[in-house]
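Chain by chain, the residues:
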Amino acid sequence: MISAHHRERRNLDSAVALAFGVSLWQLWLHSFALEGHSSSVLGHLGHWLRDGSLLIVPAYLAVRCGRWIAGRLGDRRGGSGSIAAEPAWIALALFVALVPLVGLHGVVDRALGGGDPFAELAPAPGAGYLLLGTDVHQASGLVGNLTHGLRDALLSLPIAFMVGLAAALLRTRVEVVATPVVDDIVPASMSKREFLKFGGAGAAALTLGSGGLLAASGRQAHAAEQARATPWLTDDIELFMNDGIKTMIDGVPVYSWGWGLASGPVDESDALHVPGPVLWTYGDERVRVGVTNNLAEPHHFEIEGVVDSGPIAPGDRVEVEFDAPSPGTYIYGDGSNGPVNRALGLHGVLIVMPADRSMRAHPSLDPEHWSFVTQWVWICNSIDPRFNARAHAGLPIDPVRFLEDFTPRYFTLNGRMGSIAAHEETAPDTFVGDVEGNAALIRVVNVGVATHSPHYHGNHVYLLLKNAAPTSPIMWKDTLLLEPGDRMDVMLPYAIPPNAVHFPPPQSGRDFLKQLHGTEMEGKWPMHCHVEMSQTAGGGLYPQGLLTDWQMEDL
Amino acid sequence: MSKGSGKDGDRDERDDDDHGGGGDGHAAVDDPLFYWNTTPVEGSPDTPGKVRPDKEFEMNFFNRDLEMPDGRDVEFWGFEDKLIDSDEDVIRPSSLIRVSEGDIVHVTLKPSKRQHTIHLHGIEIDSHNDGVGHTSFEVTGSYTYQFHAGAPFRALDDPRPKTRGAGTYIYHCHVNTVLHFHMGMWGGLIVDPATGPGTAFHNGPDYDDERFWFIGDVDPTWRELGHAAGMKGGDAGLNVFRPIYFDITGVFQPMRSGRTDPNAVIEDPRITATAPVDGVPTLVRLGNSGYGPQEITFHGIADGSLDVEVIASDGRAFDNQAPNYAQPFLLPPGPFVVGTAERYDLLLKPRRRGTSLVTIEQKDWISGKVHGVLQTTVTGV
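Here the structure is a predicted model, which means the values were calculated and not measured. (Residues numbered from 1 in each chain as written. Chains lettered and ligands numbered in written order. Predicted model: local features only at pLDDT ≥ 70, side-chain atom pairs only at ≥ 80, totals over all residues.)

Glancing now at the overall build of chain A. When helices and strands are counted, chain A shows 14 helices and 22 strands. Out of the 555 residues belonging to chain A, those deemed buried represent 57%. When contacts within chain A are restricted to residue pairs at least 6 apart in sequence, those whose partners lie at least 24 apart make up 73%. (Helix = DSSP H or I, 4+ residues; strand = E, 2+ residues; numbered from the N terminus. Buried ≥ 20, exposed ≤ 12 C-beta atoms within 10 Å, placed from the backbone. Contact = placed C-beta atoms within 7 Å.)

What follows is the structure in structure tokens.
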């Protein structure tokens with residue numbers, strides 16, 4: 001339970017700091033500033049330890065509660081204003097808890113009887129009178145205890161806030177959010193329509209602070225929803241280089257390298273995701289990723305031109321830290337043996353969004369023309385099981401021979417093939433669905449060694465970025481040339497196909513779909529690679545290769 | 001329309017079945033999802049909302065043999081337009097579809113014995129007329145594909161670029177595409193501006209002469225496969241592509257000792273291009289109809305005798321309609337890579353008289369090794 005452990009430890013750390021911080025403050029108030037309780041040094045220390053320990057549980061609950069509220073409000077600690085939000089909510093939660101607890105404190109004191117070091121001496125008149133005019137410890141009954149509670153809790157508010165803020169500031173700010181790529185047949189936990197609610201109307205709730213990104217796509221909204229469903233805020237990610245068996249679409253088992261991950265509420269440290277989770281961040285952030293190599297040989301964690309961990313020995317964990325590169329799409333993974341380790345599964349994608357949190361692929365793009373509503377990542381790979389078998393046997397693979405002999409039998413999009421990759425139920429992260437007019441940014445990435453030609457039916461796409469650099473000129477293509485290692489960020493305009501014959505011409509996507517549904521067809525078009533060998537599986541089985549569909553929906 | 005599942009491994013128009021049909025003992029696939037795509041709807045439905053066309057084409061299936069440069073006869077499949085009155089058999093490429101912006105176009109497919117479709121590659125159309133089995137249907141008897149060429153793209157108030165769509169497209173069969181496209185079931189689809197041929201696109205440059213350079217490749221071993229090879233399970237070898245014959249729009253590069261002769265030059269006047277110096281340029285419609293990246297080098301660019309201006313791609317003019325949007329650009333010296341099924345419209349503008357070579361290398365999609373080399377010429381007059 002790596003991620004839960006990670007998350008839990010962070011909450012516990014905060015709770016302990018909060019508990020002992022607040023109780024120390026209270027002790028100082030009560031012993032010196034207010035009532036002037038007197039005791040020996042040991043007595044004070046004991047008192048502090050006791051109250052601090054007693055306070056850990058309520059502080060822990062306050063931490064979770066505060067983080068949950070901050071998370072609920074979609075405040076993802078993006079801008080400078082939002083870093084205070086979480087401590088503020090935690091402090092407020094603690095305040096609510098403290099009001100009755102301080103009253104209980106009196107009961108505990110009395111129950112323990114006046115024995116040193118745990119007992120207080122009888123309260124003496126002191127500075128406390130200056131505050132409320134009476135020593136509230138003398139008060140009894142519900143009203144008295146609540147008054148005392150209210151006063152002490154109020155006094156604790158600033159210190160709780162400051163402790164929380166200090167913790168938040170001390171923590172390395174990592175803005176990596178994991179979007180686990182669903183790479184097996186799993187039912188979508190939310191329907192596409194629910195995703196889109198977050199992409200569209202529901203975005204208001206998320207766009208507080210830096211939440212704009214979360215509204216960027218159905219998939220990301222889904223990840224955000226996962227994060228928000230439990231009181232965690234995702235701010236770091238652990239990756240694990242794992243191995244295992246993947247079943248190809250014709251039932252053939254193939255050994256593969258891939259990734260486990262732990263982040264926020266997601267604990268899939270033992271999983272085998274191929275590709276790895278989509279990491280995303282903003283252009284002005286610093287990123288930290290923990291990488292554990294669970295494989296039998298050393299591997300690197302590398303983003304070409306950005307960071308290279310160097311060899312990670314089997315069983316070792318390294319922390320990779322880097323400033324986010326220029327906005328665009330990047331491949332992370334093991335680039336240490338030519339394309340071999342990457343193609344055998346050690347690959348994933350890092351998305352860098354503009355620092356201004358706008359819904360554009362790059363800050364140089366005019367927002368009026370090139371803003372998008374949803375975004376998607378399509379990762380193309382190909383598999384020659386003979387090389388996977390070599391890796392399974394622990395045999396070395398020469399990158400030159402790899403390129404010369406590579407005869408792929410399976411072609412994957414985000415790890416899936418053919419009909420599995422072309423249905424919303426089984427491929428919610430590749431099957432693109434939205435309503436007319438909602439431009440989709442699709443980041444098409446080639447992590448394999450074959451040259452692909454992704455071809456879009458239904459709409460041409462605008463090629464906005466190639467390999468994280470704005471294209472000049474922007475071309476409007478129906479087929480892309482996607483060479484190994486290429487990343488092409490294209491915009492699918494989601495336009496009513498203009499060459500369709502309809503009288504009268506449809507005025508809206510809904511009109512168009514109504515006319516089309518009269519023919520028992522859906523507004524659905526494929527994207528497939530036009531180097532058609534990639535449409536096969538196991539040497540045949542057309543069309544069970546590198547393809548998916550996009551659909552114009554009628555919401 | 002009916003759900004079809006009874007395809008056998010026949011070659012089109014033939015009955016022998018020695019390859020690719022039955023499964024070879026791979027683990028059974030019992031996942032119902034698997035069959036979503038493998039049993040496409042078949043039939044001969046009516047065309048929805050059919051209206052009177054401005055242009056009509058009637059594409060019939062054919063299979064014919066063509067002699068290759070090494071003397072071997074190789075089988076090709078394709079579409080032949082029966083409305084064109086000609087004594088000459090169409091072989092490679094299939095009949096041309098040429099229309100103008102504003103035309104309502106009917107393309108009737110008569111696939112003969114087996115299922116085929118026509119996908120109008122690059123034409124943005126509703127699913128019913130898109131010719132894709134798994135999102136619509138495969139045609140058995142006949143079907144009339146209907147589209148509106150050059151319809152204005154996007155609403156007037158949309159700030160993104162608009163187009164009328166004049167430019168270079170292709171059409172092809174989308175059934176078992178890996179095999180059927182390669183067998184030759186593709187042809188050119190040209191949309192002219194409303195003014196007709198002679199202008200590249202609305203408000204675009206004029207041209208006097210035009211060439212179709214669709215660069216293709218042929219792997220004869222795939223000729224042994226049946227119509228549905230690789231569709232039923234089992235290894236038909238369709239993941240391995242080793243072409244040995246190469247052509248520009250049906251004119252093949254000469255061979256020597258079993259390989260294309262890299263020093264030979266295609267001198268067929270249907271392919272070689274001429275253009276006047278300081279005159280109206282010649283338009284080359286360049287397309288990759290092979291299975292792999294192609295590197296084209298105009299040697300006249302490097303020696304300063306030729307300018308090649310790229311003015312459109314995939315049927316979309318470079319007309320600078322939006323910020324950062326495409327403007328025509330001159331090809332730099334060196335190879336220009338064109339991916340499978342991409343098209344580029346090029347203007348040839350010779351700077352001085354004389355002939356320069358054009359070299360095209362067809363590369364392997366994985367190793368990058370050169371399968372074959374094609375050459376032709378551009379002459380400034």
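Secondary structure summary: chain B contains three helices and 26 strands in total. Here chain B holds 381 residues, and 52% of them are scored as buried. Long-range contacts, defined as pairs at least 24 residues apart, comprise 74% of the intrachain contacts of chain B with a sequence gap of at least 6.

To continue, consider the interface of chain A and chain B. Contacts between chain A and chain B engage 71 residues on the former and 75 residues on the latter. Listed by contribution, the elements that provide at least two residues to the side of chain A that touches chain B are helix H10 (367–370), helix H12 (399–405), helix H13 (418–421), strand S19 (469–477) and strand S21 (524–529) of chain A. If you tally residues by element for the side of chain A that touches chain B, the top one is S19(A), at six residues. Broken down by class, the residue content of the side of chain A that touches chain B amounts to 33 nonpolar, 27 polar and eleven charged. (Nonpolar A, V, L, I, M, F, W, Y, C, P; charged D, E, K, R; others polar.)

Residues and elements named next belong to chain A. By the burial criterion, the buried members of helix H11 (residues 385–392) are Phe-387, Asn-388 and Ala-391. Taken around the axis of H11, the buried residues stretch over an arc of 105°, which confines them to a single face. Across H11 from its buried face, at more than 90 degrees, point the exposed residues Arg-386 and Ala-389. Immediately downstream of H11, the backbone of Gly-394 shows phi near 75°, a positive value. (Arc of directions from axis to C-beta.)

What follows covers the pairing of strand S16 (residues 440–446) of chain A. Residue and element names in this part refer to chain A. Within S16, seven of the seven residues are buried, which leaves it mostly tucked inside the rest of the structure. Neither face of S16 is exposed, since Ala-440, Ile-442, Val-444 and Asn-446 on one face and Leu-441, Arg-443 and Val-445 on the opposite face are all buried. Both strand S13 (residues 374–383) and S16 contribute to a ladder of seven bridges, which runs parallel. Each residue of the ladder has a partner; that of Thr-374, found in S16, is Ala-440. (Pairing = 2+ DSSP bridges.)

All names here are of chain A. If you look at the biggest cluster of nonpolar residues, it comprises 195 residues, and the most contacted ones within it are Ala-440, Leu-464, Val-490, Met-491 and Leu-492. With six residues, S13 is the largest single contributor of residues to this core. Among the nonpolar cores identified, the runner-up in size contains 23 residues, and Leu-18, Phe-95, Ala-153 and Val-163 belong to it. (Core = buried A, V, L, I, M, F, W, Y, C linked by C-beta atoms within 7 Å.)

What follows is about the sheet that holds strand S4 (residues 73–81) of chain B. Residue and element names in this part refer to chain B. One open sheet holds the four strands; their spatial order is S4-S3-S6-S9, and the pairing between them is mixed. Whereas interior strands pair on both sides, the edge strands pair on one side only; in this sheet they are S4 and strand S9 (143–148). Across the sheet, the mean angle separating the axes of adjacent strands is 25° when strand polarity is ignored. (Axes fitted to C-alpha atoms, helices over the stretch in contact; angles between N-to-C directions.)

Moving on to the confidence of the model for chain A. Residue and element names in this part refer to chain A. Confidence in the prediction for chain A averages 78 pLDDT; 75% of positions are at 70 or higher. At the level of individual helices and strands, chain A shows its lowest average pLDDT in helix H7 (residues 203–206), which scores 24, and its highest in strand S17 (residues 454–456), which scores 98. Throughout residues 75–81 the model reports pLDDT below 50, and contacts reaching past four residues in sequence, or to other chains, amount to 21 contacts. The model gives residues 172–234 a pLDDT under 50, and that stretch makes 161 contacts with residues more than four places away or in other chains. (pLDDT = per-residue confidence, 0-100.)

With that out of the way, let us pick up helix H14 (residues 509–517) of chain A. All names here are of chain A. Residues Gly-509, Phe-512, Leu-513, Gln-515 and Leu-516 constitute the buried set of H14. Buried residues of H14 fall within an arc of 160° about the axis and therefore sit on the same side. Those residues of H14 that are buried lie in contact with strand S22 (547–552).

With that out of the way, let us pick up the confidence of the model for chain B. Residues and elements named next belong to chain B. Scored by pLDDT, chain B comes out at a mean of 87, with 85% of its residues at no less than 70. Predicted confidence is poor over residues 13–37, with pLDDT under 50, and the contacts of this stretch with residues over four places away or in other chains come to 59 contacts. Here the predicted complex carries an ipTM of 0.91, next to a pTM of 0.75.

Take the sheet that holds strand S19 (residues 294–298) of chain B next. All names here are of chain B. The strand order across the open sheet built from five strands is S17-S26-S25-S19-S23, with neighbouring strands paired in mixed fashion. Either end of the sheet is taken by a strand with one partner, and the two such strands are strand S17 (273–275) and strand S23 (336–338). Ignoring strand direction, the axes of neighbouring strands in this sheet form an average angle of 25°. Two elements, S17 and strand S26 (residues 370–380), share three bridges in a ladder whose sense is parallel. Directly across from Ala-275, in S26, lies its bridge partner Gly-380.

Time to look at unusual backbone geometry. Leaving glycine aside, a negative phi is the common case for residues, and trans is the common case for peptide bonds. The amide bond that connects Val274(A) to the next residue, Pro275(A), takes the cis arrangement and shows omega of 0°. In this structure, Pro543(A) follows Tyr542(A) across a cis peptide bond, with omega equal to -5°. You can see Pro543(A) is positioned in the loop between S21 and S22. Unlike most non-glycine residues, Arg357(A) shows phi in positive territory, near 65°. Tracing the chain through its elements places Arg357(A) in the loop between strand S12 (347–353) and H10. C-beta crowding within 10 Å serves as the criterion here: with 19 such atoms nearby, Arg357(A) is assigned to the partly exposed category. Unlike most non-glycine residues, Ser257(B) shows phi in positive territory, near 45°. Within the secondary structure, Ser257(B) is located in the loop between strand S15 (255–256) and strand S16 (259–260). A count of 6 C-beta atoms within 10 Å places Ser257(B) in the exposed class.

Residue and element names in this part refer to chain B. Residue position: Phe-57 is located in strand S3 (residues 55–67). In this structure the C-alpha to C-alpha distance between Phe-57 and His-172, which are 115 residues apart in sequence, comes to 14 Å. Setting aside residues no more than four positions away along its own chain, Phe-57 makes contact with Asp-81, Leu-83, Ile-97, Val-107 and Thr-108.

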